[in-house]
Amino acid sequence: MTPSEPTSASPAAATAGDAVAPSAIELERRAYRESRRRRSILVSLLSTIVLAIALGSVVLGSPGWEQVQQTFFNPQVALDSLPRILEGLWLNIQVLVFASILVAVFGLLIATLRTLRGPVWFPVRVLAAGYTDLFRGLPLIIVLYLVGFGIPGLEFTERMPAAFWGTIALTLTYSAYVAEVFRAGIEAVHPSQRLAARSLGLSHGQSMRRVVLPQAVRKVTPALMNDFVAMQKDVGLISVLGAVDAVRAAQIETAQTFNFTPYVVAGLLFVLLSWPTIRLTDWVTARMRAREQIGGIV
Amino acid sequence: MSAPAETVLSLRGIRRSFGEVEVLHGIDLDIAAHEVVALIGPSGSGKSTLLRAVNLTEPIDDGVVLLRGEDISDPRVNVDRVRARIGLVFQHYNLFPHLSVLDNVTLASRVVHGLRRAEAERRGLELLDSIGLADFATSFPDRLSGGQQQRVAIMRAIATNPELLLLDEVTSALDPELVGEVLALIRSLAEAGTTILMATHEMTFAREVADRVVLLDAGRVVESGPAAQFFANPREERTRAFLSRVAR
C-alpha cells in the first residue's frame with residue numbers, strides 16, 4: 001500500500017476556514033515581491049523627477065521665457081478673464097449635454113438601420129450608409145458653416161441662437177462616427193447569439209434590443225467614451241458661428257488686453273471638463289476587463 | 001518499469017484562496033516521467049485551479065511547484081519559459097479563430113521556440129496527418145467539428161514537445177460521439193510515453209489509461225492510488241460515495 005499515501009483529512013476539517021500560517025518559503029516570496037514593488041515605485045518616482053527637471057530647465061531657461069510668460073501666463077489677466085470664460089463654458093456644457101443625448105439616439109438608430117435585412121429595406125440601408133460616409137468625411141467646421149449659415153437662410157424657423165445650430169451640426173457629425181462604433185459592436189456579437197435569440201422565437205427587432213445591442217454596447221463602451229471626450233472639446237468650435245462660448249469669450253478678452261492668457265485659461269478649463277470623463281473611461285474599461293476576462297494574470 | 005522513474009512534477013502544500021474561500025488546502029502530488037495521472041472529483045473540488053497553478057496561470061498563496069526539481073513557483077523564474085515547457089489543453093479548445101489550423105499548431109514553435117516556418121510547418125503537418133486532419137491545414141478552426149478542434153488543440157499543445165501535458169476536462173464540451181476520437185488520441189499519447197496530468201469526468205477512460213488516479217474533494221486529496229486498485233477497492237468512504245454517484 002505504499003504507492004498511495006492518502007493525505008485524507010476528515011471532511012469536517014476541510015470545510016473549516018482553518019487559517020494556516022504561511023510557510024517560510026511563501027513568506028520569503030512575499031518579501032521578494034514586496035521589495036520588487038518598492039523598487040519599481042522608487043524607479044518611477046526618480047524618472048519622473050528627472051524628466052520634470054529636464055523639461056523645466058529647457059522651457060524656463062529659454063531666452064524668450066520672460067516675454068512668453070507675460071503674454072501667455074499672466075495671473076492677473078487670467079483672474080480678470082475667468083468669469084466671462086466660465087460663463088461661456090456654461091454654454092459649451094449645455095450644448096454638450098443636448099448633443100450627447102441626440103448623438104446617442106441618432107447613432108444607435110442609424111447603426112440599427114444598417115443592420116436591417118431584406119430587400120424592402122435596401123433604400124434605408126443605402127441612405128444610412130451614405131449618411132455615415134458623408135458626415136465622417138466632412139470636416140466638422142464645414143458642417144458648422146453649412147448648417148449655421150445655410151439652414152437659417154431657408155427661413156423655415158424664426159431666428160434661432162447660434163448654439164442651437166451648433167448643436168445640430170455637432171449631432172450630425174458625431175452621430176455618423178458613433179453609428180459606426182455601434183455597428184462595429186453589433187457585428188462583434190457572435191452570430192450564435194442572434195441564432196439563439198431567434199431560436200427562442202424573438203423577432204429581429206427583439207433579438208437586437210434584448211440580446212445583441214446590450215452586448216454590443218458593452219463591447220464598444222470604451223470607444224464611445226472616447227468619442228464623447230473628443231466631442232467635449234469640439235464643442236468649442238461652435239464659436240465660429242458667433243455663439244459666445246468659452247473660446248469666443250477668451251477671444252474677446254484677448255482682443256481687449258492684447259494678452260493671450262485667456263486662451264490658456266479656456267484651454268485649461270476644457271481639459272478640466274474632459275478629465276473626469278477620461279478617468280471614468282479608464283475605470284469602466286478596467287472594470288469590464290476584470291469582469292469578462294478570467295485568468296487575469298496572463 | 002525499470003530504473004526508478006524521474007519525477008517530472010512535484011506539488012508540495014499548494015494553497016489557494018479566492019477571498020475568504022480556500023479552494024486548495026495544501027495539495028501534495030508527485031508525477032513521474034511517462035506517468036499518466038487522472039485527477040477526478042466533483043465540480044468545484046479544485047481540479048482546474050490546481051492545473052492552472054501548475055501552468056502558473058493561477059497564483060498560489062502557499063506551497064511549492066517543482067518542475068524536474070526546479071521551483072517554478074518562485075517569483076524570480078521567467079513564467080513564459082516555464083509555460084513553454086508545459087502543454088495545456090482547455091475544455092473549450094481555445095483555438096485562435098483568426099489563424100488557420102496549421103498556424104494554430106505551429107505558432108509557438110515559430111514565435112517562442114524560434115523554429116523556421118518551413119521546419120515548423122513540416123512538423124505541424126506531420127502532427128495533423130497523424131490525427132487525419134492534414135487536409136484541413138489551411139482551414140480555419142470554425143470549419144471543424146468540436147472533436148476535430150479539440151484534437152487540433154492537443155496537437156498545438158504537444159507541437160513543442162512539452163515535458164508535461166495538462167488536460168483540463170478536454171472532453172466535457174464534446175458530443176458523446178466525438179469524445180471517442182479525442183480519448184483515442186490521448187491514449188496514443190500516453191502509450192507513446194507522454195507525461196500527463198488530466199482532470200476528467202470520464203471514469204472508464206481514467207481506469208483504462210491512467211496509471212494513477214487522484215480524488216480531489218473540497219480542495220484536498222481524498223485518495224490516491226493505482227487506477228485498478230482505486231476503482232476496484234477504494235479505501236476511503238468518500239471515494240466509494242463519489243464513485244457510486246458517477247457510476248452509470
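How each quantity is defined
- Residues numbered from 1 in each chain as written.
- Chains lettered and ligands numbered in written order.
- Predicted model: local features only at pLDDT ≥ 70, side-chain atom pairs only at ≥ 80, totals over all residues.
- Heavy atoms only, no water.
- UniProt positions renumbered as here; feature names shortened; annotations may be inferred.
- Helix = DSSP H or I, 4+ residues; strand = E, 2+ residues; numbered from the N terminus.
- Buried < 20%, exposed > 50% of the residue type's maximum accessible area, 1.4 Å probe, protein only.
- Contact = heavy atoms within 4.5 Å.
- Pairing = 2+ DSSP bridges.
- Axes fitted to C-alpha atoms, helices over the stretch in contact; angles between N-to-C directions.
- 1 Å grid on protein atoms, 1.4 Å probe; cavity = no way out; pocket = protein on both sides within 12 Å on 5 of 7 lines; lining within 4 Å.
- Points joined across faces, edges and corners; volume = space filled by probe spheres on them.
- Nonpolar A, V, L, I, M, F, W, Y, C, P; charged D, E, K, R; others polar.
- pLDDT = per-residue confidence, 0-100.

**Some thoughts on the UniProt feature "domain: ABC transporter" (unreviewed entry) in chain B**
Inference 1: Per the UniProt annotation, the sites labelled "domain: ABC transporter" (unreviewed entry) are residues 9-243 of chain B.
Inference 2: Helix makes up 37% of residues 9-243 of chain B and strand 26%. Its end C-alpha atoms lie 27 Å apart.

**So, the environment of Leu128 of chain B**
All names here are of chain B.
Inference 1: In this fold, Leu128 is placed in helix α4 (residues 117-130).
Inference 2: The buried category is assigned to Leu128, whose relative accessible area is 0%.
Inference 3: In the structure, Leu128 is positioned 24 residues away from Val152 in sequence and 7.3 Å away in space, judged by C-alpha atoms.
Inference 4: Setting aside chain neighbours within four positions, we find Leu128 in contact with Val101, Leu102, Val105, Leu133, Ala134, Ala137 and Val152.

**Details of the sheet that holds strand β2 (residues 21-32) of chain B**
Two strands in a sheet stick together by hydrogen bonds in their backbones, pointing the same way (parallel) or opposite ways (antiparallel).
Inference 1: One open sheet accounts for four strands, arranged β2-β1-β4-β5 (chain B); its pairing is antiparallel. The open sheet is flanked by β2 and β5 (70-71) of chain B, the only strands paired with a single partner.
Inference 2: Direction of pairing for strand β4 (residues 62-67) of chain B relative to β5 of chain B: antiparallel, over a ladder of two bridges. For Leu67 of chain B, the partnering residue across the bridge sits in β5 of chain B and is Glu70 of chain B.
Inference 3: On the sheet, helix α2 (residues 24-60) of chain A packs against β4 and β5 of chain B and is oriented at approximately 90° with respect to β4 of chain B.
Inference 4: Sitting on the sheet, helix α1 (residues 47-54) of chain B touches β1 (7-18), β2 and β4 of chain B, and the angle it makes with β1 of chain B is about 120°.

**Quick look at the sheet that holds strand β7 (residues 164-168) of chain B**
Residues and elements named next belong to chain B.
Inference 1: One open sheet holds the six strands; their spatial order is β6-β7-β8-β3-β9-β10, and the pairing between them is mixed. In this open sheet, the two strands that pair with only one neighbour each are β6 (86-89) and β10 (220-226). Strand after strand, the sheet turns through a mean of 15° between neighbouring axes, direction not considered.
Inference 2: In this structure, β6 lies alongside β7, joined through four bridges in parallel fashion. Within β7, the position partnered with Gly87 by the bridge is Leu165.
Inference 3: Helix α5 (residues 146-158) contacts β6 and β7 of the sheet and is inclined by roughly 170° relative to β6.

**Here's the deal with the layout of surface pockets**
Residues and elements named next belong to chain B.
Inference 1: Of the volumes computed, that of the largest pocket is approximately 1,100 Å³.
Inference 2: Forming the boundary of the largest pocket are 31 residues, of which Asn55, Leu88, Phe90, Phe96 and Arg156 lie nearest the centre.
Inference 3: At four residues, the largest contribution of residues to the lining of the largest pocket is made by helix α3 (residues 101-111).
Inference 4: Taken together, the residues of the lining of the largest pocket sort by class into 14 nonpolar, twelve polar and five charged.

**Some points on the confidence of the model for chain A**
Inference 1: Of all residues in chain A, 91% have pLDDT values of 70 or greater, and the mean over the chain is 87.
Inference 2: Long-range and interchain partners of residues 1-17 of chain A, a stretch whose pLDDT sits below 50, account for 21 contacts in this model, where long-range means more than four residues apart.

**Description of the pairing of β4 of chain B**
Residues and elements named next belong to chain B.
Inference 1: By the criterion of burial, β4 is predominantly enclosed, with five of the six residues buried.
Inference 2: Inspection of the sheet shows β1 paired to β4 by five bridges, in the antiparallel sense. Counted as the bridge partner of Arg15 is Asp62 from β4.
Inference 3: Between the end of β4 and the start of β5, which pair antiparallel, lie two residues, with Arg68 showing a positive phi angle near 45°.

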